[in-house]
Amino acid sequence: MLVGALTALACAHADVRVLTGPTPIPDGDARAAGDLTVVNEKLAFALAVESAVPFGVPRGAIVDVAPVSHGHIGRDRVAFADFIPNNWSAWPNTYQHVDVLERGPRQVRIRAVRDWGRVNIVTVYSLSANSDQVEIRATMTNGGDETLTDLLSGLTLWPRSGFLFAVPGLAGVSEGKADGALADRVVAYDAGWAITLHAPYLDHIGSGSRDLFQLHTLQPHESRTFTGWLQVGSSGDLAPVVGAEIERRQLPSGTVRGAVGTRDGRALRQPVVVAERDGKPYAWVVGREGAYRLRLPAGEYALYATGRNYSRSNATSVNVRAGTGQVRDFHDLESPGRLALSVADARNGTALDARIVITEGQKPVVEFLGAKTFFTQLERKGHADLPIAPGRYLFTVSSGGGFLAADTQVRLTVAAGPARQHSVAITPLFDPPSRGWYSADLHHHADQAEAVTPPADLARSQLAAGLDLLFVSDHDSTANHAVLQQIASARGVPFIPGIELSPSWGHFNAYPLTPGARLAIDTGTATIDMILNEARRAGAAVVQVNHPFNPYGYFASLKAGVAPGGFNPGFDLIEINSSVPNDDGKVLAKLWEFWNAGRRYYIAAGSDTHDVWNDRSGRVRTFAHLDAQVSAPAFAEALKAGRAYVSYGPLVFPSVMFGTQMQVVSGESFTLAFDLASVAGVGKAELISGGNVEDSRSFPDAPLKTHVDFTLTSNHPGWYALEVEDQRGRKAYTDPVWVTIAPPQQ
Ligand SMILES: [Zn+2]
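Residues numbered from 1 in each chain as written. Predicted model: local features only at pLDDT ≥ 70, side-chain atom pairs only at ≥ 80, totals over all residues. Heavy atoms only, no water.

What about the pattern of salt bridges?
For the structure on display, the rule yields 30 salt bridges. Between Arg248 and Asp184 there is a salt bridge, with the nearest N and O atoms lying 3.2 Å from each other. Separated by 64 residues along the polypeptide, Arg248 in helix H2 (residues 239-249) and Asp184 in the loop between strand E15 (176-177) and strand E16 (185-190) bring together distant segments of the chain. The residue Lys640 makes a salt bridge to Asp572 at a minimum N-O spacing of 3.8 Å. Taken together, the residues Lys640 in helix H8 (residues 632-640) and Asp572 in the loop between helix H6 (554-560) and strand E41 (573-577) connect sequence positions 68 residues apart. Given a relative accessible area of 12%, Asp572 falls into the buried group. Through salt bridges that share partners, Asp29, Arg31, Asp76 and Arg160 make up one connected network. (Salt bridge = Lys/Arg side-chain N within 4 Å of Asp/Glu carboxyl O. Helix = DSSP H or I, 4+ residues; strand = E, 2+ residues; numbered from the N terminus. Buried < 20%, exposed > 50% of the residue type's maximum accessible area, 1.4 Å probe, protein only.)

Set out below in structure tokens:
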């Protein structure tokens, strides 16, 4: 199949064609006999007709996209790129039909039809021979008799590797109105490829520009069409993207060209020139042999030149006028430098795993030109040897993730040429394992689906964060278990193999799984009973309800009546997720409601990191108390027994273990005592009982460590849990101590 497809492609390169069967796109996910791949000489994309689509989206959607260059299909670069009605509402869905309307050789057109409740969704994919853009035209028609209001619908682009260049002007915006957008596209890219989603209808974004939405209503019998294009290139050059934008919108345009070289007169083999508009990155061009040429819509720009690990040139302004060409040369770049850092414990010189972040200094906008976050090595613990652009930097070096030691700031100047060695000393302040407390980040992705962290980098990041056990939970995949077990064994730390079971109406982490376990159900169509059975079959001791109140969380879906099978009590843990911090209150209120009813569901926490360079592993983490050996089963057992708390920073050491039962005499006083600690200084502690604050303490002198006693009396059974906040506003939430009442002695 593969050879046949590639050969056919090489022989008839001006054609576009449809292939049926497992996709020839390397690493592609459309692997079923009925799946479709469309390929021309510029790109290939595959529709999952029979294969499951990630995130529980119904079948008949694009799951693979790859550049094609010189007759070779490149690797799959997307997890999902297709139309979504109302902010990832995929269900209820009862059917999908996919038909090939036109098979080539000049043009291929495929139509996918499905329902979403009473709405009919027809998506037509068109690709012409020679074109580098797939047109996607999705039409929603409301077949019901109710008006649907405030829908956020549109095309999405979820890459599975590389970097994301957000909608220009909206960098750093996670979701909301697209006011301030300088263009209507998002680009996923790396040095060897670029996939752009052009979405002219765009007025809202979601998921940090991965979702390009329009906010709209849909009256009964009303139709609305969303048209966008996926443009695919075989390099990280955005000149074709800007070119397509100019063509499509028929913008007046002009060109800028010039030379790029170093201070000492050498031309850059592969210069990059970045164009900013209103002080914000708009696009870039990758040049060749010291020269570049970029066509831009008419207007004012600032331009600067750079290269991989080269310094940035001074910026220059240019007023691009329609139909004109201008020249801007750059001759002030510095050649690449290197930085060698060793990080060690200030007290005894022991090497420490660390995360190193550029806080001030050059942070490349074009991310394949140089990193802004680095980690020390796995093999040579505590050492980092980094290629980096010359310049002055302020680095923040962190070992223990701000939980075990304060971050250290290091000011350094990097020169062109070979590395100079620098040492960084860090003083660990706290050692929870010495008191039986071990931590893990219980929601962490590696490189499956839309996550972009290779397993070795996951391990470096989790070790740098001071986590005691490695953990992974990829979407519906156990592909990284074996390699992470090897890495963990080599470093002498335990590993918790997990999975995030990911139907569209709820995500569940199940762990630790049996070695070699593989997912054997289709989470896209499974009910809650099937999900929980599958978790147990794969060996999971605990099942955690992830981000329960976000739009696709289980508790939110239960409330909306869209979770197949309704409420099943067979889970164990409820998650605090630092990607949705505004939901912490809802999660706690739900736990309190269960605890008030005497139901022993317990707390867990994870960061939901997908990209260790941009997210922070262990930003929120779970501490569990282990009596004996540190292992994945022992950790899960402690969570299930409630011997745990979750934290964004503060450390808690209780006198009466969480999850245990304490018998008190009615009306007689008893004490719950806690040692508290925080790198940032302890701020306050609140004792919660029955869902209300029973007592509290504040610590205006911000002690790094302190002790608190709560003296209590009670005449009814109940529970006590602690909430701690440090001086930086970072919180910790504990499992409860259960109290039963003995009658007063006669
Ligand atoms: Zn999730």
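Picking up after the structure, the text goes on.
A short note on the packing of aromatic side chains
Applying the stated criterion to the full structure yields 34 aromatic pairs. On the basis of an interplanar angle of 35 degrees and a centroid distance of 6.3 Å, the ring pair of Phe45 and Tyr125 is categorised as tilted. Separated by 80 residues along the polypeptide, Phe45 in strand E3 (residues 43-48) and Tyr125 in strand E10 (residues 119-128) bring together distant segments of the chain. When sorted by exposure, Phe45 lands in the same class as Tyr125, which is buried. (Phe/Tyr/Trp six-rings, centres within 6.5 Å; stacked < 30°, edge-to-face > 60°.)

A look at the sheet that holds strand E7 (residues 83-84)
In sheet architecture, strand pairing relies on hydrogen bonds along the backbone and comes in two forms, parallel and antiparallel. Taken in spatial order, the 5 strands make up an open sheet running E7-E12-E19-E18-E15, and their pairing is antiparallel. Edge positions in the open sheet fall to E7 and E15, since each of these has one partner strand only. (Pairing = 2+ DSSP bridges.)

A word on the coordination of the zinc ion
Octahedral six-donor coordination of a metal ideally yields angles of 90 or 180 degrees, compared with 109.5 degrees for tetrahedral four-donor coordination. Coordination of the zinc ion by the protein involves Glu500 (OE), His507 (ND1) and His547 (NE2), with metal-donor separations of 2.1 to 2.3 Å. If you list the donors of the zinc ion from N- to C-terminus, the spacing comes out as E-x6-H-x39-H. You can see Glu500 sitting in strand E38 (residues 495-501) and its partner His547 sitting in the loop between strand E40 (542-545) and H6, a full 47 residues away along the chain. A relative accessible area of 3% places His547 in the buried class. (Donors = N, O, S within 2.8 Å, 3.2 Å for Na, K, Ca; no water.)

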